[in-house]
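# Structural overview
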Amino acid sequence: MKAKQLFAATAALLTLSTTPIGAETTLEALRIVDPFARATLPNQPVAGGFMVITNTGDTDDTLVAASSSAAARMEIHEMAMDGDVMRMREIEGGLIIPAGETVMLKPGGFHIMFMDLSGPLVEGNETEVTLTFEMAGDVTLAMPVVARGKGGMGHGSHGGN
Amino acid sequence: MPMRATAILAWGLALLALLAFVWVSFLQPRLNESVADTLGRGDYELVATDGSRFTEDTLDGEPSAVFFGFAHCPEVCPTTLGDIGIWQDMLAKEGKPPLRAFFVTVDPERDTPDMLSDYVSWVPGVIGVSGSQDEIDKAIMAFRIYAQRIPLEGGGYTMDHSSLVLLFDERGRFFQTIRYQEDPDKAVDKIRRLLASQS
Ligand SMILES: [Cu+2]
């Protein structure tokens, strides 16, 4: 079976994919590292985008919007498990990045959400994403697409809970 | 007086112990038994991506896993499908055939059988299930699943939904659940026990 082989290959890759991506973008006092999205399944029209944002300044900032040519629109979301129920909500007013703190956007939690994807996100490709912060303004970065993980923990240090 | 009080206390404790015994040995198992017998039972009639109908009778004859989700799901559903793939891989290494797994959509408006067919195609043993909203609602009730449509500000909607994988034995009786992101070894252990329970 072709699907089986593909799956085995993916599984083999996953065990090795612990290398950090390490890409870093700076925008005024903000430091954005390790952006990534996961490869989508066939007919999966949405995807989460993840990264770690550190505010090295002394005023709070807020991630208010995101956009990408890969998706008709993007939103800033929070996901949480409530018992065994998965809930996802738009973060009203955006995601606050407090002064002197680091906020992780990671699977199972905060994420920027690609909605109405124009095509699949393919492992090994990159997609450009523009982030808009209330204070610091806009920044465009390349978001690598990585293999879908073994559970939520496939992408090395970005592991879920 | 103290003697009498002690006697009353002793009788009281004995009575409590008796009640606890009755609960543990008769009433509680009966409650659990009724969940096992009724979960997944209902008059829903859905369409599977292999072209067959999906009804309560589908669960008879072969052990199965049932999971509810939707394709506009960014994380939980793809991850669970990936996990099912890992379980199938582990079973295959033991020479076991893939476990039959049904992915039932909670979003039939967008998840047609056609598009679900591609969506689940990459995991061995997984069959997509869709149908009319009414029939899906009946299935959601029958499997005691939580599913709620949540409108999004920018338009469209998302779905809150239960993330459990439900295991059923070859007589269609509920066996156990596998939690979201449960350790694959533990999950496959449950599946092994499910397969071993076959008569
Ligand atoms: Cu989201």
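The model shown is predicted, which means the values in this text are computed figures rather than measured ones. (Residues numbered from 1 in each chain as written. Chains lettered and ligands numbered in written order. Predicted model: local features only at pLDDT ≥ 70, side-chain atom pairs only at ≥ 80, totals over all residues. Heavy atoms only, no water.)

## Concerning the coordination of the copper ion
Between any two of four tetrahedral donors, the ideal angle at the metal is 109.5 degrees; between two of six octahedral donors, it is 90 or 180 degrees. All names here are of chain A. Looking at the copper ion, the protein donor atoms are His77 (ND1), Met88 (SD), His111 (NE2) and Met113 (SD), and they sit 2.1 to 2.4 Å from it. One way to put it: the four donor atoms around the copper ion meet at angles of 104 to 117°, and that makes the site tetrahedral. In the primary structure, the donors to the copper ion are separated according to the pattern H-x10-M-x22-H-x1-M. Here His77 is found in strand 5 (residues 71-82), whereas its partner Met88 is found in strand 6 (residues 85-90), with 11 residues between them in sequence. (Donors = N, O, S within 2.8 Å, 3.2 Å for Na, K, Ca; no water. Tetrahedral: all angles 85-135°; square planar, octahedral: opposite > 155°, others 65-115°. Helix = DSSP H or I, 4+ residues; strand = E, 2+ residues; numbered from the N terminus.)

## Comments concerning empty space enclosed by the protein
All chains considered together, the criterion is met by two cavities of 30 Å³ or more. Approximately 40 Å³ is the volume attributed to the second largest cavity. Residue lining of the second largest cavity: Arg38(A), Gln44(A), Ala47(A), Gly48(A), Phe50(A), Arg148(A), Pro74(B) and Glu75(B), and that is the complete set. Ranked by residues supplied to the lining of the second largest cavity, first place goes to strand 3 (residues 47-55) of chain A with three residues. Among the residues making up the lining of the second largest cavity, the classes are represented as three nonpolar, two polar and three charged. (1 Å grid on protein atoms, 1.4 Å probe; cavity = no way out; pocket = protein on both sides within 12 Å on 5 of 7 lines; lining within 4 Å. Points joined across faces, edges and corners; volume = space filled by probe spheres on them. Nonpolar A, V, L, I, M, F, W, Y, C, P; charged D, E, K, R; others polar.)

## Some details on the packing of helix 2 (residues 76-93) of chain B against helix 5 (residues 184-196) of chain B
Residues and elements named next belong to chain B. Closest axis-to-axis distance for the helix 2/helix 5 pair is 10 Å, and the angle between their directions is 60°. Classified by the angle their axes make, helix 2 and helix 5 are oblique. Two packed elements cross with a definite hand, and for helix 2 against helix 5 that hand is right-handed. Where helix 2 approaches helix 5, its residues Ile86, Trp87, Met90 and Leu91 are matched on the opposing element by Pro184, Asp185, Ala187, Val188, Ile191 and Leu195. Here the contact of helix 2 with helix 5 is composed, by residue class, of nine nonpolar, no polar and one charged. (Axes fitted to C-alpha atoms, helices over the stretch in contact; angles between N-to-C directions. Parallel < 35°, antiparallel > 145°, perpendicular 65-115°, else oblique. Left-handed = near helix turned anticlockwise from the far one by under 90°. Contact = heavy atoms within 4.5 Å.)

## A closer look at the interface of chain B and chain A
Across the contact, 37 residues belong to chain B and 35 residues belong to chain A. Broken down residue by residue, the surface that chain B buries against chain A is led by Pro74(B), Glu75(B) and Trp122(B), which jointly contribute 21%. Our count for the contact surface shared by chain B and chain A stands at three salt bridges. Linking Asp160(B) and Arg87(A) is a salt bridge whose minimum nitrogen-to-oxygen distance equals 3.2 Å. In this assembly, chain B and chain A are joined by eight residue pairs in polar contact (both at pLDDT 80 or more). Ranked by residue count, the leading element in the side of chain B that touches chain A is helix 2 of chain B, at nine residues. When its residues are assigned to classes, the side of chain B that touches chain A shows 18 nonpolar, 12 polar and seven charged. Of the strand pairs in this sheet, strand 6 of chain A and strand 7 (residues 157-162) of chain B are connected by two bridges, and their pairing is antiparallel. (Buried area = accessible area lost by both parts, 1.4 Å probe. Salt bridge = Lys/Arg side-chain N within 4 Å of Asp/Glu carboxyl O. Polar contact = N/O pair within 3.5 Å; in protein donor to acceptor, adjacent residues only side chain to side chain. Pairing = 2+ DSSP bridges.)

## Observations regarding unusual backbone geometry
Unusually for a residue other than glycine, Asp116(A) sits at a positive phi of about 50°. Mapped onto the fold, Asp116(A) is located in strand 9 (residues 110-117).

## Some thoughts on the pattern of salt bridges
All names here are of chain B. Evaluation of the coordinates by the stated rule reveals 21 salt bridges over all chains. Between Arg41 and Asp60 there is a salt bridge; the shortest N-O distance is 3.5 Å. Highlighted residues: Arg41 in the loop between helix 1 (2-38) and strand 1 (46-48) and Asp60 in the loop between strand 2 (53-54) and strand 3 (64-69), separated in sequence by 19 residues.

## Focus: the domain arrangement of chain B
When the parts of a complex come together, some accessible area is lost, and that lost area is often taken as the interface size. When its domains are assigned, chain B resolves into domain 1 (2-32) and domain 2 (38-196). The C-alpha centroid of domain 2 of chain B is placed 43 Å from the C-alpha centroid of domain 1 of chain B. (Domains from an automatic or database assignment.)

## So, the confidence of the model for chain A
The predicted coordinates ought not to be read in detail in places where the model reports low pLDDT. Residues and elements named next belong to chain A. Mean pLDDT over chain A works out to 84, with 78% of the residues at or above the 70 mark. A low-confidence stretch, residues 9-20 stays under pLDDT 50, and its non-local contacts, those more than four residues away or across chains, total 11 contacts. Every residue in residues 150-161 scores below 50 in pLDDT, and together they form 34 contacts with partners more than four places removed in sequence or on other chains. (pLDDT = per-residue confidence, 0-100.)

## Describing the confidence of the model for chain B
Averaged over all residues, the pLDDT of chain B is 91; the fraction at 70 or higher stands at 94%. Scoring of the predicted complex yields 0.80 for pTM and 0.76 for ipTM.

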